[in-house]
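Spelled out from the first residue to the last, the chains are:
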Amino acid sequence: MTLSDTDRQLLDRCLERAPMAWEDFVDRFIPLVCQVAQHAVFSKGLKLDRNLQDDLVADVFLALIQDDFQVLRRFRRESSLATYLTVVARRVVIRKLSRYLPESRQGEMVDAANAGDLIEDTIDSTDQMEHLLEQLPSTDAQLLRYYHFDGLSYQEIQQRTGIPENSLGPMLHRARLALRKLAEASQTTR
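Every value quoted in this text rests on a predicted model; they were computed, and no experiment measured them. Each chain carries its own residue numbering, running from 1 in the direction its sequence is written. Residue-level local features of this predicted model are given only where pLDDT is at least 70; pairs of side-chain atoms are given and counted only at 80 or more, and the full residue set underlies all totals for whole chains, interfaces and linings. With hydrogens and water excluded, all non-hydrogen atoms of the structure serve as input to the side-chain values.

S.K.: What exactly am I supposed to notice about the overall build of the protein here?
M.R.: Helix and strand definitions follow DSSP, with helices as H or I runs of at least four residues and strands as E runs of at least two, each counted in order from the N terminus. Check the secondary structure of the protein and you find nine helices and zero strands. Helices and strands in the protein line up, N terminus first, as α-α-α-α-α-α-α-α-α. A buried classification covers 46% of the 190 residues belonging to the protein. Contact between two residues is taken to exist if any of their heavy atoms lie within 4.5 Å; hydrogens are not considered. Counting contacts in the protein only where the partners sit at least 6 residues apart, residues at least 24 apart contribute 66% of the total. Summed over its atoms, the accessible surface of the protein is roughly 10,100 Å², and 50% of this surface lies on carbon and sulfur atoms. Exposure categories follow from relative accessible area, calculated using a 1.4 Å probe and restricted to protein chains: below 20% of the type maximum is buried, above 50% is exposed, and the middle band is partly exposed. Using the Shrake-Rupley algorithm and a 1.4 Å probe, accessible areas are obtained, with residue cover drawn only from the displayed protein chains.

This is how it looks when you write it as structure tokens:
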């Protein structure tokens, strides 16, 4: 899916600091950010109360405006703005949520946030991501889908695949490295 004219104009207005542009941006994308927060909280087995949701949503929008809209300026405009914002929002939410988890699960949250950085920095669209995942061994691709796109915990992945939980971290790490190499190779061939 490509960037719509409506979103392109809205993004341009925000970056130019046009009157009411930021308010329009927030109105348009707050439901998306709320949905990302709800899904991330639910997938990690936490409860989402109104205060936590408000904090998570505020953190996402704060991340978008920091350093003169740096995150929005990095958007390459080769995918839909909603896809890009979903990746950004998920990364911000996961980092914030890591404080609410027992120490034993904080490492997997950091891994998820770092992988969100990889995806945001190297993948321009859902179509490109699917194309890259198809090039990985099927187990690697499925683990990445389960963990990063379906938001499953290590325990839930273990239940679906039979792979021991203590093997999932190293397997996901190797799969992410392979994905990064594929993404970087595809960037250089453009």
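S.K.: Could you clarify how one ought to interpret unusual backbone geometry in this entry?
M.R.: Most peptide bonds take the trans form, and the phi angle of most residues other than glycine is negative. Residue Arg 17 is not a glycine yet carries a positive backbone phi of 60°. Accessibility expressed as a relative area gives 56% for Arg 17, which makes it exposed. With a phi close to 65°, Phe 69 is a non-glycine residue in the positive phi region.

S.K.: What am I meant to see in the nonpolar core here?
M.R.: The nonpolar side chains of soluble globular proteins are, as a tendency, buried together. The set of buried Ala, Val, Leu, Ile, Met, Phe, Trp, Tyr and Cys residues whose side-chain atoms join them within 4.5 Å is what this entry labels a nonpolar core. Membership of the largest hydrophobic core comes to 35 residues, with the highest contact counts inside it found for Phe 25, Leu 64, Leu 72, Leu 81 and Leu 85. Taken together, the elements giving at least two residues each to this core come down to helix 1 (5-15), helix 2 (21-43), helix 3 (50-73) and helix 4 (81-97). Leu 85 has contacts with Phe 25, Phe 29, Leu 32, Leu 64 and Leu 72, leaving out every residue within four places of it along the chain. The next biggest cluster of nonpolar side chains, apart from the first, holds 18 residues, and it includes Met 129, Ala 141, Tyr 154 and Ile 163.

S.K.: I keep staring at the packing of aromatic side chains and nothing clicks. Help me out?
M.R.: Between two aromatic rings, the relevant description is the distance of the centres plus the angle of the planes. Centre distance within 6.5 Å is the pairing criterion for rings of Phe, Tyr and Trp, where only the six-membered ring of Trp is used; planes under 30 degrees apart are then read as stacked, over 60 as edge-to-face, and the remainder as tilted. Tallied over the full model, the rule gives five aromatic pairs. Seen in terms of ring centroids, Trp 22 and Phe 61 are 5.9 Å apart; in terms of plane orientation they differ by 85°. Their pairing is edge-to-face. Separated by 39 residues along the polypeptide, Trp 22 in helix 2 and Phe 61 in helix 3 bring together distant segments of the chain. You can call Trp 22 partly exposed: its relative accessible area is 23%. A centroid spacing of 5.0 Å and a plane angle of 50° characterise the contact between Phe 25 and Phe 29, whose relative ring orientation is tilted. Here the residue Phe 25 and the residue Phe 29 both occupy positions in helix 2, the gap between them amounting to four residues, near one helical turn. In this structure, Phe 25 and Phe 29 share a single accessibility class: buried. Put simply, the rings of Trp 22, Phe 25, Phe 29, Phe 61 and Phe 69 pair up and form one aromatic cluster.

S.K.: Help me out: how do you make sense of the packing of helix 2 against helix 3 in this one?
M.R.: The convention used is that axes are lines fitted to C-alpha atoms, helices contributing only their stretch in contact, and that angles between N-to-C directions extend from 0 to 180 degrees. Interhelical geometry of helix 2 versus helix 3 gives an angle of 130° and a closest axis separation of 9 Å. In this view, helix 2 runs oblique relative to helix 3, as classed from their interaxial angle. With respect to the hand of their crossing, helix 2 and helix 3 are arranged in right-handed fashion. The residues of helix 3 that touch helix 2, namely those facing Trp 22, Phe 25, Val 26, Phe 29, Ile 30, Val 33, Cys 34, Ala 37, Gln 38 and Val 41, are Leu 52, Gln 53, Leu 56, Val 57, Val 60, Phe 61, Leu 64, Ile 65, Phe 69 and Leu 72. In this count, Pro and Cys sit with the nonpolar residues alongside Ala, Val, Leu, Ile, Met, Phe, Trp and Tyr, while Asp, Glu, Lys and Arg are called charged and the others, Gly among them, polar. Across the contact of helix 2 with helix 3, the residue classes break down as 18 nonpolar, two polar and no charged. Working definition: roughly parallel below 35 degrees, roughly antiparallel above 145 degrees, roughly perpendicular at 65 to 115 degrees, and oblique for all remaining angles. Here a crossing is called left-handed whenever its near helix is offset anticlockwise from the far helix by less than a right angle, and right-handed whenever the offset is clockwise.

S.K.: How should the pattern of salt bridges be read in this particular structure?
M.R.: Oppositely charged side chains can pair when the atoms bearing their charge come close. Every case where a carboxyl oxygen of Asp or Glu lies within 4 Å of a side-chain nitrogen of Lys or Arg is listed as a salt bridge. Summed over all chains, the structure comprises seven salt bridges. The salt bridge partner of Arg 13 is Asp 24, with a shortest N-O separation of 2.8 Å. With Arg 13 in helix 1 and Asp 24 in helix 2, this residue pair connects regions lying eleven residues apart in the sequence. Overall, the relative accessible area of 28% leaves Arg 13 in the partly exposed class. The exposure class of Asp 24 is partly exposed, given its relative accessible area of 30%. Across the pair Asp 59 and Lys 96 runs a salt bridge whose closest N-O atoms are separated by 3.1 Å. Of this pair, Asp 59 sits in helix 3 while Lys 96 sits in helix 4, and the two are 37 residues apart along the sequence. Ionic contacts of the salt-bridge type, sharing partners, join the residues Arg 17, Asp 68 and Arg 73 into one network.

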